[in-house]
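Letter by letter, the chains look like this.
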Amino acid sequence: TTYVGHPALARFPLRPVVPEQGPVLLLPGSREGELRRHLPLMRAVAEQLAGHRRVTGFVLPTPRSLEALVRAEVDGWSAPVDVVTGEERKAQAFRDGIAAAAVTGTVTLELALAGVPMATTYVADKGQAKRWVQYKVKFASLPNTILDRDLVPEVLQVEPRPEALVGEVRRLLDDRPMADVQLAGFGEIRVLM
């Protein structure tokens, strides 16, 4: 096998620093089943962190095919969420975001390459959770897998516990050294890729 690069390297340039204030990014997945399982977690993040001194709002990038579904869901939340579609709007959100709550998957690599501190999550069904144990899955998020260490928090669940994800995102907002450690690791990922 010959590795020739990754398109996300060009699409998401690494920021040198995280802004003091800005939006928190909510990334619940790109398939309907993922949305169903993860939108309640994202709602908790938005509603419980809406008054945080560093948070100016929430941005939820989603594919156009799911835009109507996502807009209908977030319309009932007490914290306003800006739902955006398209690669340029997503890239802008990544440039502005001060932290992210993200479902494990490709988006965690994109966030890392862009330099957005994150807490990751996944709500698995019992069969998936059993396979994680069976195959001794060490990490679920790509940044941790690439570096083979625990860089970004992973909140892996069978029964959704929003408070766990909210707590990890709050730690990122309150603990700048924790976010700086992530940024240093994201730089290592960029060099490796």
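Read on for an overview of the structure. Numbering of residues starts from 1 in every chain and runs along the sequence as written. Local features in this predicted model are restricted to residues of pLDDT 70 or higher, and side-chain atom pairs are both shown and tallied only at a pLDDT of 80 or more, whereas totals for entire chains, interfaces and linings draw on every residue. Neither water nor hydrogens contribute to the side-chain values; these are computed over all heavy atoms in the structure.

Moving on, we come to the overall build of the protein chain. In this text, helices come from DSSP runs of H or I with a minimum length of four residues, and strands from runs of E with a minimum of two, each type numbered from the N-terminal end. Helix and strand counts for the protein chain come out as 9 helices and 6 strands. The globule rule used for comparison is 2.2 Å times the number of residues to the exponent 0.38, while the radius of gyration itself is calculated over C-alpha atoms. By the compact-globule yardstick of 16 Å for 193 residues, the protein chain fits well, its C-alpha radius of gyration being 16 Å. With the C-alpha coordinates of the protein chain rotated into their principal frame, the extents come out at 45 × 40 × 35 Å. When contacts within the protein chain are restricted to residue pairs at least 6 apart in sequence, those whose partners lie at least 24 apart make up 72%. Computed with the Shrake-Rupley method and a 1.4 Å probe, the accessible areas treat only the protein chains shown as cover for residues. Carbon and sulfur atoms make up 54% of the accessible area of the protein chain, which totals about 9400 Å². Residues counted as positive are Lys and Arg, residues counted as negative are Asp and Glu, and His and the chain ends are not counted. In plain terms, the charge of a residue is placed at NZ if it is Lys, CZ if Arg, CG if Asp and CD if Glu. Across the protein chain, the mean location of the 24 positive side-chain charges is 3 Å away from that of the 23 negative side-chain charges. Contact between two residues is taken to exist if any of their heavy atoms lie within 4.5 Å; hydrogens are not considered.

This part takes up the side chain of Thr120. Tracing the backbone shows Thr120 in strand S5 (residues 118–123). Polar contacts involving the side chain of Thr120 include one to the main-chain carbonyl oxygen of Pro153, which spans 2.8 Å. Leave out the neighbours within four places in its chain, and Thr120 touches Ala102, Thr104, Thr108, Ser141, Val152, Pro153, Glu154, Val155 and Leu165. Under this definition, polar contacts are N or O atom pairs within 3.5 Å; protein pairs additionally need one hydrogen-donor-capable and one acceptor-capable atom, and for neighbouring residues in sequence, both atoms have to be side-chain atoms.

Once that is clear, we can look at the pattern of salt bridges. Here a salt bridge means any side-chain nitrogen of Lys or Arg lying within 4 Å of a carboxyl oxygen belonging to Asp or Glu. Inspection of the entire model under this criterion finds 14 salt bridges. In this structure, the salt-bridge partner of Arg11 is Glu87, at a minimum N-O distance of 3.6 Å. Of this pair, Arg11 sits in helix H1 (residues 8–11) while Glu87 sits in helix H4 (residues 87–96), and the two are 76 residues apart along the sequence. Using a relative accessible area of 35% as the deciding quantity, one classes Arg11 as partly exposed. Under the scheme applied here, a residue whose accessible area is under 20% of the maximum for its type counts as buried, over 50% as exposed, and between as partly exposed, the area being computed with a 1.4 Å probe on protein chains only. The class for Glu87 is partly exposed, based on a relative accessible area of 46%. The residue Arg11 makes a salt bridge to Glu110 at a minimum N-O spacing of 2.9 Å. Residue Arg11 is located in helix H1, and its partner Glu110 is located in helix H5 (residues 106–114); the two are separated by 99 residues in the primary sequence. Look at Glu110 and you get buried, because its relative accessible area is 8%. By sharing partners, the salt bridges in this structure join Arg11, Glu87, Lys90 and Glu110 into a single network.

Structurally, Glu73 can be placed in helix H3 (residues 67–74). Between the alpha carbons of Glu73 and Arg36 there is a distance of 9.8 Å; along the sequence they are 37 residues apart.

Time to look at a nonpolar patch on the surface. A contiguous nonpolar patch, built from Leu142, Ile146 and Leu192 and spanning about 240 Å² of accessible area, is present on the exposed surface. For Leu192, the position within the fold is in helix H9 (residues 176–192). Its relative accessible area of 56% is what places Leu192 among the exposed residues. A residue counts toward a patch only above 30% relative accessible area and without a salt bridge, and it is joined to like-charged neighbours within 9 Å or, for Val, Leu, Ile, Met, Phe, Trp and Tyr, to nonpolar neighbours within 5 Å.

Another point: the nonpolar core. Among the buried residues, those of types Ala, Val, Leu, Ile, Met, Phe, Trp, Tyr and Cys that are joined through side-chain atoms within 4.5 Å form a nonpolar core. Leu26 and Phe94 are the most contacted members of the largest nonpolar core, which has 62 residues in total. Looking at which element gives the most residues to this core, the answer is helix H2 (residues 32–49), with 8 residues. Excluding residues within four positions of it along the chain, Leu26 makes contact with Met42, Val45, Ala46, Phe58, Val59, Leu60, Pro61, Trp77, Val81 and Ala101.

Any two strands with at least two DSSP bridges between them are considered paired. Ordered in space as S3-S2-S1-S4-S5-S6, the 6 strands form an open sheet in which the pairing is parallel. The open sheet has two edge strands, strand S3 (82–84) and strand S6 (154–157), and neither has a second partner. For this sheet, the mean inter-axis angle between neighbouring strands, taken without regard to orientation, is 20°. By the bridge criterion, 4 bridges tie strand S4 (residues 99–103) to S5 in an arrangement that is parallel. Residue pairing for S5: Ala100 is matched across the bridge by Met118. Interaxial angle, 0 to 180 degrees, is taken between N-to-C directions of lines fitted to C-alpha atoms, where a helix line uses only the stretch in contact. Packed onto the sheet, H4 meets strand S1 (22–27), strand S2 (55–61) and S3 and runs at close to 125° relative to S1. Its contacts with the sheet place helix H8 (residues 162–174) against S1, S2, S4, S5 and S6, and it is angled at close to 170° to S5.

The next point concerns the side chain of His52. Mapped onto the secondary structure, His52 falls in the loop between H2 and S2. In this structure His52 touches Leu173 and Asp174, once residues within four positions along its chain are discounted.

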